[in-house]
Amino acid sequence: MIPAGVVTAGRVTHESGSVDDLADASPESQRAGVADLLTVPAVEEAYVLSTCNRVEAYVVATDAAVGRAALQEFFANVADDAVVVTDHDESLRHLLSVASGLESVVLGEDQILGQVRTAYEDSRSAGGIGEMLEAAVTKAIHVGERARTETEINEGIVSLGSAATKLAAESIPLENATSLVVGAGEMGRLAARSLADAGVEEVVVANRTVAHAEHLASELETDTSAAPLSALDQFASDADVVVTATGSEDPILEAQDFESDGGAEPGDGDVDGTDGGSNRVVVDLGQPRDVAPTAASLPTVTVYDLDDLESITAETREQRADAAREVESMIDREFDLLCEQYKRARADEVIAAMYESAERMKKRELETALSRLEGEEFSAEQREVVESMADALVNQLLAPPTKSLREAAAEDDWSTINTALQLFDPDFGGDDGPIAPPLPIGGATATETHLEATDDD
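Residues numbered from 1 in each chain as written. Predicted model: local features only at pLDDT ≥ 70, side-chain atom pairs only at ≥ 80, totals over all residues. Heavy atoms only, no water.

Enquirer: Which residues make up the overall build of the protein chain, and what values go with them?
Expert: In terms of regular secondary structure, the protein chain is built from 14 helices and 11 strands. Put simply, of all contacts in the protein chain between residues at least 6 apart along the chain, 73% involve residues at least 24 apart. Approximately 20900 Å² of the protein chain is accessible, and the part contributed by carbon and sulfur atoms is 47%. (Helix = DSSP H or I, 4+ residues; strand = E, 2+ residues; numbered from the N terminus. Contact = heavy atoms within 4.5 Å. Areas by Shrake-Rupley, 256 points an atom, 1.4 Å probe, with all protein chains shown as cover.)

Dropping the structure here:
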């Protein structure tokens, strides 16, 4: 029986929800999220992508209503208006758009493509990747690679790390400034490199595993040092720029961590602290928040979070508008190819099943005929002639329906496919009933709703 599943997706992103909504949506891990979704009866495949500015879940189920119910449970801790749910076609198209960087805070940023790959490996290791999501996610990765090699979608600012540096530079001069980067993961690495390129005098990298911080520090072409998280209060109170990018569940920096030691007056040792204004910039890229909200109340500290990067990213979107249109056209073409791939696969499975049924009939009838000829002079060559004739008859008889089945699949005509199979063998479907999918692959009407729309299902 051919796979009859449909894709349904749900997401909370920087566009639909706040930083707190994203924190509420985040699973313990991508693998754990996939495992939870697969516990839902009739959910056959699952894929979860969880980053600092998006949590997305894709499920393949026998019916779209089953998928929506599974996603409603997955995002149960999130406000309904922050969750966007999409049906089959729109879910697939959105996944291609995500991998291409069109849905990122920084339009065209490169980091998301690696995150899509990591989520694919995590989902596969959790048993969530089957034939349908295998085709969808690998197609998304292919489109993401094409977008970055064939267009200029990733020219200029290419990550949240570089956007954080630009945001900090709008508040204080970075040349000769001291900086602290908390977190030595991919985003911390990008932020540290961007700060070094911007001309800061010193970069301190703090990380839970000091060896990782030391490795990152060794890659930077400026004065660097590494520190454990236990020394954050010391370095945060001295740094002019602080960028945090960890996966901590709780804030790692409190307001008192930014207060200077030794009773120094506000602004002592800070860049441009002579006017009494804010002179220390903190960019919190963590999700959940790395910096306690009370830190923003300090008179000499300006705290930015993911929501505050909009001004930087809006400028980038404007600069990349032409490239984005090129990528959108690319996505349209690749989406059509993905739909055709699904249709061919389903048609080929139907055709293979039809040939298997015919092969069983042929074998049975051959055995009957040859047993009746056992008393006659019947050479091996003659037996081969009879068997070849039976093969030829099967192939010739099935050639026209094979062509018709492929044409019907291309046109989403699954009624014709079921009828053809029933005419060929009325018992072919057995107890499973019709083989046609509940939604046409590539022909469904795309819908996008918020989660409360599932209440009536």
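Enquirer: Hey, could you go over the pairing of strand β1 (residues 6–13) for me, with residue numbers and the actual values?
Expert: Most of β1 is tucked away, with eight of its eight residues classed as buried. Of the two faces of β1, the one carrying Val 6, Thr 8, Gly 10 and Val 12 and the one carrying Val 7, Ala 9, Arg 11 and Thr 13 are both buried. Here β1 pairs with strand β3 (residues 54–61) via eight bridges, running antiparallel. From the neighbouring strand, Val 7 faces β3, where its bridge partner is Val 60. Sheet topology places β1 next to strand β4 (residues 84–86); three bridges connect them, and they run antiparallel. Looking at β4, one finds that Ala 9 is bridged to Thr 86. (Buried < 20%, exposed > 50% of the residue type's maximum accessible area, 1.4 Å probe, protein only. Pairing = 2+ DSSP bridges.)

Enquirer: Before we move on, can you summarise the layout of surface pockets with the specific residues and values?
Expert: Empty space among the atoms can be located by rolling a probe the size of a water molecule over them. As a volume, the largest pocket reaches approximately 710 Å³. Around the largest pocket, the lining is made up of 25 residues, and of these Ser 50, Thr 51, Cys 52, Thr 246 and Gly 247 lie nearest the centre. Mapped onto the lining of the largest pocket, the elements with two or more residues apiece are β2 (43–51), α5 (111–125) and α8 (186–197). Here the residues of the lining of the largest pocket sort into eight nonpolar, 14 polar and three charged. Considered as a void within the structure, the second largest pocket measures approximately 260 Å³ in volume. Along the wall of the second largest pocket there are 13 residues; nearest its centre are Lys 362, Ala 390, Leu 393, Val 394 and Leu 397. Elements supplying a minimum of two residues to the lining of the second largest pocket: α12 (321–372) and α13 (380–410). (1 Å grid on protein atoms, 1.4 Å probe; cavity = no way out; pocket = protein on both sides within 12 Å on 5 of 7 lines; lining within 4 Å. Points joined across faces, edges and corners; volume = space filled by probe spheres on them. Nonpolar A, V, L, I, M, F, W, Y, C, P; charged D, E, K, R; others polar.)

Enquirer: Outline the sheet that holds strand β9 (residues 280–284), supporting the account with residue identities and numerical values.
Expert: Within a beta sheet, neighbouring strands are joined by backbone hydrogen bonds and run either parallel or antiparallel to one another. Across the sheet, six strands lie side by side as β7-β6-β5-β8-β9-β10; this open sheet has parallel pairing. Bordering the open sheet on either side are β7 (223–228) and β10 (301–304), each of which pairs with just one other strand. For this sheet, the mean angle separating the axes of adjacent strands, direction not counted, is 15 degrees. Both β9 and β10 contribute to a ladder of four bridges, which runs parallel. Counted as the bridge partner of Val 281 is Thr 302 from β10. Contacts between helix α9 (residues 210–219) and the sheet are confined to β6 (202–207) and β7, with β7 contributing the most and set at about 170 degrees to the helix. (Axes fitted to C-alpha atoms, helices over the stretch in contact; angles between N-to-C directions.)

The values are spatial; any link to function lies outside them.
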